[in-house]
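Observations on the three-dimensional arrangement
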Amino acid sequence: EAGLDVSWYAKPEFDVWQMKGIRDGLEEGLDVSWYAKPEFDSYQMYQIRLGLEKGLDVSWYAKPEFSWEKMKEIRHGLEAGVDVIWYAKPELSWEQMGGILKLLIEFKGLL
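The model shown is predicted, which means the values in this text are computed figures rather than measured ones. (Residues numbered from 1 in each chain as written. Predicted model: local features only at pLDDT ≥ 70, side-chain atom pairs only at ≥ 80, totals over all residues. Heavy atoms only, no water.)

**Focus: the overall build of the chain**
- Of regular secondary structure, the chain possesses four helices and zero strands.
- Moving toward the C terminus, one meets the helices and strands of the chain in the order α-α-α-α.
- With respect to the three principal axes, the spread of C-alpha positions in the chain is 55 × 25 × 15 Å.
- Of all intrachain contacts in the chain linking residues separated by at least 6 positions in sequence, the fraction that spans at least 24 positions is 32%.
- When the accessible area of the chain is evaluated, it comes to approximately 6500 Å², of which 58% is carbon and sulfur surface.
- Side-chain charges of the chain comprise 13 positive and 20 negative groups, with the mean position of each set lying 4 Å from the other. (Helix = DSSP H or I, 4+ residues; strand = E, 2+ residues; numbered from the N terminus. Contact = heavy atoms within 4.5 Å. Areas by Shrake-Rupley, 256 points an atom, 1.4 Å probe, with all protein chains shown as cover. Lys, Arg positive; Asp, Glu negative; His and termini not counted. Charge placed at Lys NZ, Arg CZ, Asp CG, Glu CD.)

Structure, rendered in structure tokens:
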């Protein structure tokens, strides 16, 4: 009825929350191809969708190897305008990422 392409989310490999996240993105006119993938859980999808809504370069974190917590730390860095190359690494914990982000934001404030 809404004129959305349901083929993005009407798939048995998605649970109800993943389907809702994809549908929400379609309703907002976002490029859901970034996250309409079964390898992302609904929390990861949400972090990617938030980045798309804010016009961020989600290619930094729209990767299945990043947990939603890690995605959130990278998204926060992109929002703050820091160079996330220093900590957008799958081998770091999200707590380590958050600590590095905090330091980068403080350093950025000193410049």
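After that view, the rundown keeps rolling.
**Some points on the confidence of the model for the chain**
- Overall, the prediction assigns the chain a mean pLDDT of 93, with 98% of residues at 70 or greater.
- Looking over the chain, one finds the lowest element-wise mean pLDDT in helix α4 (residues 94–110), namely 91, and the highest in helix α2 (residues 42–53), namely 98. (pLDDT = per-residue confidence, 0-100.)

**Remarks on the nonpolar core**
- Formed by 28 residues in total, the largest nonpolar core has its most connected members in I22, Y35, I48, Y61, I74, V84 and Y87.
- Secondary structure elements with two or more residues in this core: α1 (16–27), α2, α3 (68–80) and α4.
- For I22, the residues in contact, after removing those within four places along its chain, are W8, Y9, F14, V32, Y35, A36 and M45. (Core = buried A, V, L, I, M, F, W, Y, C linked by side-chain atoms within 4.5 Å. Buried < 20%, exposed > 50% of the residue type's maximum accessible area, 1.4 Å probe, protein only.)

**Details of the side chain of R75**
- Structurally, the position occupied by R75 is in helix α3.
- The buried category is assigned to R75, whose relative accessible area is 5%.
- Engagement of the side chain of R75 in a polar contact is seen with the side chain of E79, the distance being 2.7 Å.
- If we ignore the near neighbours within four places in the chain, the residues touching R75 are Q47, L50, G51, K54, L56 and Y61. (Polar contact = N/O pair within 3.5 Å; in protein donor to acceptor, adjacent residues only side chain to side chain.)

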